[in-house]
Amino acid sequence: MWMDNLTRQAIRWEALWLRFQPRTPMGQRAKRSLSPFMPGEETEWQACLVEQEHLLEAFRRDPEWMSRMEIHLSKTPDPTQTVRMLESGEIPKASDWFRIKSFLWHGWHLCSMVRNEIPGFRLKREASEWKRVLSLLNPDPPLSPNFFLSSAYDSRLKERREQVEKENRWVRKAEEQAVLDVERDFPIQQNGDGEWVVDRRSPHFLDMKNDSRVQLVRETPFDGVFCPVETEVLKAARMRREEANTDLEAVEHDVFQQLAETFRPYIPFLRDAILDLATLDVQWARVKMAESYNGTRPKWEAESYRIQGGIHPLVAESLKEKERTFTPVDINIHRGVTVIIGPNMGGKTVVLTTVGLVVALGQFGFLVPARSCSMPLVSWMTAAIGDAQNIREGLSTFGAEVRRIVEAIKRDSTGLLLLDEPGRGTNPVEGAALSAAMTNDLAKRPFWTLQVTHFREVLQGTEVTVYRVAGLEGIDRFQDREDEDWEKALEQAMDYRLLPWSGESIPQDALVIARLLGLPSSILQDAWKRIGNGG
Amino acid sequence: MSSEGIRSLAVAGLSKNAGKTTVLNHLAASLNEEGKPYGFVSIGVDGEERDVWTLKEKPPIVVPKGSLVATAAPLLDGMGGGWELLESTSLVSPLGPVILARSLQGGKMKLAGVTRAEGIREVVLRFLQQGARLVLVDGAYDRKAATSPWITDAAICVVGANLARTLDGVVEKTEEVIRRLTLPETVNPLERLAAETALANNRLVGVRDGAVEILPCSSLLLTEQAQEALAGRVWEAVALPGSLTDRGMHFFMKQNHAPAVILRDPTRCFVSMRVIRRFYRMGGTLSYWKGVRLIAVAINPVSPEGYVFDPKEMKERIADVCHPIPVFDAVRDGIRAIRSSLSGG
């Protein structure tokens, strides 16, 4: 598994995955089995992404083309069941052929439209092949998505249908004659069911009862219901019509059988065509999602993740609802350990989840929410973020965190490990020591670790790349405003940008933030004394 | 009908086994004479196995040549090659996917597979895109939604003898339903705005002093909340987002001032006429944001339980209580009479 459920939860993968919606049943199936690109698949990965760039350009170039593509994709049915029927020797029925024809009709249009706009798009079958197979179900020009048993399939169809129609006319004529004969003698009119409803009190009720040309089929206290007696002429006409219908049905069966025989050699084409449409649909859905966050193509780089202007679209949307803005993430993560330090509420965890999401989207072949991005392909990604994980398993924050790190360092393949303040769940002395030792170990391993910490010990004596959150600025102007919205004040004062750290002193902002949040000054003064600073 | 802006017409029974299919077949035959393409769709499966009038196994719809139908694919497969399959819909039923087809020769077809009002809306739209002049919706009696003015443009109600054991009972019940169904559509712009706001916000919306006000309550069933929301002020009108029952109406009747009450449409009204009359006497009114356009009432004097009413008397008495809505007897009246009823002549 490339990433486990806890990692998915931490980076809010499922919520974004729901927005990735292929339009066709084939595309939905492909979505369910979609896997990330793995190391060694860099060429295919880039080809997939370049294709999406071309699609995105085509979207922007010609919105009408995009809407027509959308319409065809949304109407394309799944012919897989009918293909299976053909493979197993069954004879598809009218609705099965209709499904195949709709598939071919929309597929032909999609293939032609994509080929016109993006000649290099990876499709196994060409538009001309689609058209040729579609024509098999469209013996009468012009091509259409409709299906019916055209007489062009078999000359006998026309002949049999004419025969049925002829016998129908005879039956109708005989029926009409029988009705005319009766209605000439009685002032009545047949209803839509071909019956005469006669009031029992009417003078001709008894006459009709005694008339051999009609028979009483039902009686109520008020009415008698009559229908014509079947004459010999009518009986013979109906029998001939029945025979004509049986003959027609036999020919229709032959036509369906012949169609099945004609189509069996095209099963490989249909299989490829289904795959082509699934591929196109998945690419289309990827681009539609990436369009919503203005995605860019991640490029391949063997040793580092370089993300400029990275955003987490879901976090950015939540902030926008609160009229706040997301500060884009700029970060380079080299093989080994990269550490982020900074004040509480400085957005360090958001950086972790943003990096996790950008990387995961990239590996799954999506354009990523960043201004630019280059990254390696790795075999796994694990995030140990948040306090609640593994609570169901009865582990404490500390226990859960250690277990996930143990699982990660057991792996001998390349991967990305995202750690949110390791060691915070136990006492500070042991937590700091453990965190520093783990960092020291992780720095020697062949994968990438991005770690958020408060422990200075982590920064000492180990080869790590360090970023710090720029932190609080101009906070003093808020301190005397009792009625201030402190969350907003903090957000305004906080500079969430990541800056490379080169050994300068680390700002101690926790007490400043506590003051902003309204902690009494007596407590704060006591705290300042305890850390040896008069405040 | 198309000249009157009616593009979809529901045929709904006031009771089970009222005789909808018979009415629909007679309508189909009547329309056939006009030689125009029509669409046919049925909502729901209501368990009727036998036709009320003929007592034969319930017949399929008999559609004229060129008609459009929406039905489950396996039902089309069983009807031979006389159908042109036109397009798939997004609707899938236990019988199979629902497909639109055109009859090449005319003939019988069982209509099934569309079970929800949203499905009918989709099918009606697609029929119209395929060039249908009018779509006939066979609405199962327990699918009141078919008559919803949001789904179809107009409706025909079928009154069957089995609505009550006596003709008096049938007439009384018919009058109740028809009067409730044909309560007026409000023309007051503020009241219409209130109804629209109520629906959009799923809240009661009050009107007073020339303005609408969203109230902190979604239903009259939440009595305390509703009391609190409405108390102490005189409301000229109140729009509800959901249904109204006798209990809800009693709530308004207990207020100091009976307001104009507005519902989304008649399918949301479950108040008895007795209570509506009392409410009107107190100065209140009840109206709809969108009303049902009831173009005719069809009668069927034969009950499948074995009793029959005098057709003439039933038609006359139903016509009295439905006036000015035309009333016809689909079985006894000829096609010309039905067409005359439908065109108001």
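Residues numbered from 1 in each chain as written. Chains lettered and ligands numbered in written order. Predicted model: local features only at pLDDT ≥ 70, side-chain atom pairs only at ≥ 80, totals over all residues. Heavy atoms only, no water.

## Observations concerning the nonpolar core
If you look at soluble globular proteins, the nonpolar side chains tend to sit buried side by side.
Argument step 1. Grouped together as the largest cluster of nonpolar side chains are 141 residues, with contacts concentrated most on A:Leu104, A:Ile331 and A:Val355.
Argument step 2. Counting residues per element, this core draws most heavily on helix H12 (residues 267-292) of chain A, at 14 residues.
Argument step 3. With residues up to four places along the chain from it excluded, the contact list for A:Val355 reads A:Ile307, A:Ile331, A:Ile333, A:Leu416, A:Leu418 and A:Leu450.
Argument step 4. The next biggest cluster of nonpolar side chains, apart from the first, holds 43 residues, and it includes B:Leu14, B:Ile151, B:Val292 and B:Ile299. (Core = buried A, V, L, I, M, F, W, Y, C linked by side-chain atoms within 4.5 Å. Buried < 20%, exposed > 50% of the residue type's maximum accessible area, 1.4 Å probe, protein only. Helix = DSSP H or I, 4+ residues; strand = E, 2+ residues; numbered from the N terminus. Contact = heavy atoms within 4.5 Å.)

## As for the interface of chain A and chain B
Argument step 1. Facing 26 residues of chain A, the contacting portion of chain B comprises 28 residues.
Argument step 2. Here chain A meets chain B over a buried area of about 2,300 Å², counting both sides, of which 54% is carbon and sulfur.
Argument step 3. On inspection of chain A and its partner chain B, the count reaches 3 salt bridges.
Argument step 4. The shortest N-O distance in the salt bridge between A:Arg201 and B:Asp310 comes to 3.7 Å.
Argument step 5. Counting the contacts that link chain A with chain B gives 6 residue pairs in polar contact (both at pLDDT 80 or more).
Argument step 6. No other element matches the 4 residues that helix H7 (residues 94-117) of chain A contributes to the side of chain A that touches chain B.
Argument step 7. For the side of chain A that touches chain B, the per-class residue count stands at 9 nonpolar, 6 polar and 11 charged. (Buried area = accessible area lost by both parts, 1.4 Å probe. Salt bridge = Lys/Arg side-chain N within 4 Å of Asp/Glu carboxyl O. Polar contact = N/O pair within 3.5 Å; in protein donor to acceptor, adjacent residues only side chain to side chain. Nonpolar A, V, L, I, M, F, W, Y, C, P; charged D, E, K, R; others polar.)

## Let's talk about the sheet that holds strand E12 (residues 464-472) of chain A
Residues and elements named next belong to chain A.
Argument step 1. Judged by pairing direction, the sheet is mixed, and its 6 strands sit side by side in the order E9-E10-E11-E7-E12-E13 without closing on themselves. Bordering the open sheet on either side are strand E9 (380-384) and strand E13 (494-500), each of which pairs with just one other strand. Ignoring which end each strand starts from, the neighbouring axes of this sheet average 15 degrees apart.
Argument step 2. Pairing between strand E10 (residues 415-420) and strand E11 (residues 448-452): 5 bridges, direction parallel. Looking at E11, one finds that Asp 420 is bridged to Val 452.
Argument step 3. Sitting on the sheet, helix H14 (residues 348-363) is in contact with strand E7 (336-341), E9, E10, E11, E12 and E13, with an inclination near 160 degrees to E10. (Pairing = 2+ DSSP bridges. Axes fitted to C-alpha atoms, helices over the stretch in contact; angles between N-to-C directions.)

## Topic: helix H9 (residues 155-185) of chain A
Residues and elements named next belong to chain A.
Argument step 1. Here H9 is 31 residues long and its end C-alpha atoms lie 46 Å apart, about the 45 Å a rise of 1.5 Å per residue gives.
Argument step 2. The complete set of buried residues in H9 reads Leu 157, Arg 161, Val 164, Glu 167, Asn 168, Val 171, Ala 174, Ala 178, Val 179 and Val 182.
Argument step 3. Its side-chain oxygen 2.8 Å from the backbone nitrogen of Arg 156, Asp 154 forms the N-cap of H9. (Expected span 1.5 Å × (residues − 1).)

## Focus on the domain arrangement of chain B
All names here are of chain B.
Argument step 1. Domains assigned within chain B are domain 1 (2-182 + 292-342) and domain 2 (189-288).
Argument step 2. Buried area between domain 1 and domain 2, both sides added, is near 960 Å², and the carbon and sulfur share of it is 59%.
Argument step 3. Counting every contact that joins domain 1 to domain 2 gives 0 salt bridges.
Argument step 4. Where domain 1 touches domain 2, the interface holds 4 residue pairs in polar contact (both at pLDDT 80 or more).
Argument step 5. Of the residues in the side of domain 1 that touches domain 2, the class split is 4 nonpolar, 2 polar and 5 charged. (Domains from an automatic or database assignment.)

## Remarks on the pattern of salt bridges
Residue and element names in this part refer to chain A.
Argument step 1. In this structure the tally under the stated criterion is 53 salt bridges over all chains.
Argument step 2. The salt bridge involving Arg 240 is made with Glu 167; its shortest N-O contact spans 3.1 Å. On the criterion of sequence distance, the pair formed by Arg 240 in helix H11 (residues 232-263) and Glu 167 in helix H9 is long-range, its members being 73 residues apart.
Argument step 3. Among the residues examined, Arg 240 registers a relative accessible area of 34% and is labelled partly exposed.
Argument step 4. By sharing partners, the salt bridges in this structure join Arg 23, Glu 70, Lys 288 and Glu 291 into a single network.

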